[in-house]
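Examination of the molecular architecture
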Amino acid sequence: MKESKNIKRLALLFLVLLGLIWIIPVIWLITNSFKYDADFITSFANITGPGDYLTRLIPRSWTLSNYTELFFGGENVNTTANIGLMFKNSFIVSIAQTVGVVIVTSLSAYAYERLNFKGGDKIFWTLMYISMFPNVVSILPQFRIANALGWVNNLNALIWPGLAGVFNIFLIRNFMKGIPKALDEAATIDGASSFQVYTKIILPSIAPVMIVVGLFAFNGAWNDYLWPRIVMTDVNNQTLTAGLRLLMGQYEQRWAHMIASCIVSMAPPFLLYLFAQKYFLQGISVQASVKG
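Residues numbered from 1 in each chain as written. Predicted model: local features only at pLDDT ≥ 70, side-chain atom pairs only at ≥ 80, totals over all residues. Heavy atoms only, no water.

**Things to note about the packing of helix H10 (residues 181-189) against helix H11 (residues 194-205)**
Taken N-terminus to C-terminus, the directions of H10 and H11 make an angle of 135°; their axes are 10 Å apart at the nearest point. The orientation of H10 relative to H11 falls into the category oblique. Of the two elements, H10 crosses H11, and the hand of that crossing is right-handed. On H11, the residues touching Leu-183, Asp-184, Ala-187 and Thr-188 of H10 are Val-197, Ile-201 and Ile-202. (Axes fitted to C-alpha atoms, helices over the stretch in contact; angles between N-to-C directions. Helix = DSSP H or I, 4+ residues; strand = E, 2+ residues; numbered from the N terminus. Parallel < 35°, antiparallel > 145°, perpendicular 65-115°, else oblique. Left-handed = near helix turned anticlockwise from the far one by under 90°. Contact = heavy atoms within 4.5 Å.)

**Digging into the pattern of salt bridges**
Scanning all chains against the criterion turns up six salt bridges. Connected via shared salt-bridge partners are Glu-113, Arg-114, Asp-121, Arg-173, Lys-177 and Asp-184. (Salt bridge = Lys/Arg side-chain N within 4 Å of Asp/Glu carboxyl O.)

**Brief notes about H11**
For H11, built from twelve residues, the straight-helix expectation of 16 Å at 1.5 Å per residue is met to within 8% by its first-to-last C-alpha distance of 15 Å. Those residues of H11 not exposed but buried are Val-197, Tyr-198, Ile-201 and Ile-202. Down the axis, H11 shows its buried residues gathered within 130° of arc, on one side only. Residues of H11 that are exposed and angled more than 90 degrees away from the buried face: Phe-195, Lys-200 and Pro-204. Structurally, H11 contributes buried residues whose contacts are with helix H5 (83-114), helix H9 (166-176) and H10. (Expected span 1.5 Å × (residues − 1). Buried < 20%, exposed > 50% of the residue type's maximum accessible area, 1.4 Å probe, protein only. Arc of directions from axis to C-beta.)

**Examining the packing of H5 against H9**
The geometry of a pair of packed helices is captured by two quantities: the angle between their axes and the separation between those axes. Close contact between H5 and H9 brings their axes to 8 Å; oriented N to C, the two are set at 50°. Compared by their axis directions, H5 and H9 come out oblique. In the crossing of H5 with H9, the sense of the turn from one axis to the other is right-handed. The residues of H9 that touch H5, namely those facing Val-101, Thr-105, Ser-106, Ser-108, Ala-109, Tyr-110, Tyr-112, Glu-113 and Arg-114, are Asn-168, Ile-169, Ile-172, Arg-173 and Met-176. Here the residues of the contact of H5 with H9 sort into seven nonpolar, four polar and three charged. (Nonpolar A, V, L, I, M, F, W, Y, C, P; charged D, E, K, R; others polar.)

**Quick word on the environment of Ile-206**
Inspection of the secondary structure puts Ile-206 in the loop between H11 and helix H12 (207-223). On the basis of relative accessible area, Ile-206 is assigned to the buried category, the value being 0%. Those residues in contact with Ile-206 that lie beyond four places of it in its chain are Ser-106, Ile-172, Phe-175, Met-176 and Ile-179.

**Concerning the packing of aromatic side chains**
In this structure the tally under the stated criterion is 14 aromatic pairs. When the ring of Phe-34 is compared with that of Tyr-67, the centres are 5.4 Å apart and the planes differ by 45°; the resulting orientation is tilted. Of this pair, Phe-34 sits in the loop between helix H1 (2-32) and helix H2 (37-43) while Tyr-67 is found in helix H4 (residues 65-72), placing the two residues 33 residues apart along the sequence. A relative accessible area of 16% places Tyr-67 in the buried class. (Phe/Tyr/Trp six-rings, centres within 6.5 Å; stacked < 30°, edge-to-face > 60°.)

Honestly, it's all geometry; don't read function into it.
Structure below.
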């Protein structure tokens, strides 16, 4: 019993340390985003120790101008990089890709797990092995395909390529293994088609894991940096995460403004996870129990 308590204490201490490692940079970003640029530049000069460093994190004078100038402009601020438009593009791409991923991957997993077509397992595991290659390998072929379809500087280039994630199909397929096939057979005997089995039986049963996949899809689409930077050369079609680089050029050495823009770009995925946390954890726990 005593050893068990010690293990729990060590585990708790380890989790606290991991939490601090994660949250300290976020606190650094938040506090510095409320500083004036001159305050930020000079606040970390001639630091005498850790305690002195911590006190320097607190702004001498708090300001919201870094945030208001992002959206409404301000004195000596070039507003050619429209952050409002970048927000709009990011939401369109992220929501469209999330809906598409949920539909495509659930249908694909259903086909591989339940329809038993010839060569299904071989095709699936071939795709799994191909997905092991780094994503950077496919950038040139993807760009050539997007260019041939006329999707350069078009949001379609950011939505469609990410719909068929093999890992998501693998995750949903494993979840489906825990659903008795007797339910499918009973529905088929009653006259249900394969699509009706999918919509009436499978989808309600896999709702927890679909929420997890949807959160992964939204977060991945929102935080994608490399592909939008390549396929979107028009600033009006740029997404927010990739567009932060344009803001860096826009604000030059105005680092407090850049930090504020980073906080703004982090907010939507964080808020989404905050509101969906219960369902996310439920999906993970149910997935673990199915595997067990």
